[in-house]
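Spelled out from the first residue to the last, the chains are:
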Amino acid sequence: MSIAQNLINIKKNLPEGVTLVAVSKTKPVSDLRQAYDAGQRIFGENKIQEMAEKWEQMPKDIEWHMIGHVQTNKVKYMAPFVQLIHGVDSLKLLEEINKQAQKNSRVIDCLLQIYIAEEESKFGLDEIEVENLLQSTSFKQMDNIRIVGLMGMATFTDNHNQIKKEFTHLKSIFDNLQKLETNNCQLNTISMGMSGDYPLAIECGSTLVRIGSSIFGGR
Ligand SMILES: *Cc1c(COP(=O)(O)O)cnc(C)c1O
């Protein structure tokens, strides 16, 4: 099926209030063009350099989301244009994003990545670490970033109940953190769900799904 048809099929099943990030990592600009021509305006990439190259070549009304693990020394390459950084997992990284956002006279929206999976390889913070981060003096002084929500990745497994438990855990952390809202922390976004598990993620409260292979085909 075509990229355009895949997009139509996915979008007709998304409830109101759930936004689609088309994950285009490793795919050529010609594929992104097809999605763009079908009306898609939010794209997700997991490598900063690849995202910057595609940003240069694609129309400028696209929102670019960084969904991968971010290396501090590369933040500067996306600071001029990135719309949302999903994978923020340390105060040190936030400090660099704040600094680069300031240089570009921008406020950059970020999600804190929460560790919900039972896998060693997944990045992220736990609930206590997030609370400490949001309450720290250094965070409160960052005027050029805004934490708008949380992101999580479930364990790669066929076990429906386990995935559901992990997504539900993320949603409950999100609900508990509402009490910590400040000027630069306004929680309204839960980024969870990929091609294999997004219907379940939506059931569990996701507001932003990151879908790659079901749109663009396998990688
Ligand atoms: C690649 C990737 C996705 C999309 O995965 P698909 O299974 O192709 O939908 C979503 N989120 C993150 C963080 C990714 O790296």
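Values in this document were obtained by computation on a predicted structure and should not be read as measured data. (Residues numbered from 1 in each chain as written. Predicted model: local features only at pLDDT ≥ 70, side-chain atom pairs only at ≥ 80, totals over all residues. Heavy atoms only, no water.)

Caption draft 1: Geometry of the overall build of the chain. Looking only at helices and strands, the chain has ten helices and eight strands in total. Expressed as a percentage of the 219 residues in the chain, the buried residues total 53%. In the chain, 24 positive and 27 negative side-chain charges are present, and the distance between their average locations comes to 5 Å. (Helix = DSSP H or I, 4+ residues; strand = E, 2+ residues; numbered from the N terminus. Buried < 20%, exposed > 50% of the residue type's maximum accessible area, 1.4 Å probe, protein only. Lys, Arg positive; Asp, Glu negative; His and termini not counted. Charge placed at Lys NZ, Arg CZ, Asp CG, Glu CD.)

Caption draft 2: Seen up close, the nonpolar core. I85, L94, L112 and L134 are the most contacted members of the largest nonpolar core, which totals 65 residues. Ranked by residue count, the leading element in this core is helix α8 (residues 160-177), at six residues. Those residues in contact with L94, other than ones at most four positions away along the chain, are V88, C110, L112, L133, F139, M142, I145 and I147. The next biggest cluster of nonpolar side chains, apart from the first, holds seven residues, and it includes V21, I42, L84 and L111. (Core = buried A, V, L, I, M, F, W, Y, C linked by side-chain atoms within 4.5 Å. Contact = heavy atoms within 4.5 Å.)

Caption draft 3: Inspection of the pairing of strand β2 (residues 42-45) at higher detail. Neither face of β2 is exposed, since I42 and G44 on one face and F43 and E45 on the opposite face are all buried. Relative to β2, strand β1 (residues 19-23) runs parallel, the two being bridged by two bridges. For A22, the partnering residue across the bridge sits in β2 and is F43. Between β1 and its parallel partner β2, the chain crosses via helix α2 (residues 29-37), and the hand of that crossover is right-handed. Pairing between β2 and strand β3 (residues 63-66): four bridges, direction parallel. Following the sheet pairing, G44 is matched in β3 by H65. The parallel pair β2 and β3, bridged by helix α3 (residues 48-57), forms a crossover whose chirality is right-handed. (Pairing = 2+ DSSP bridges. Right-handed = clockwise from strand over helix to strand, strands pointing away.)

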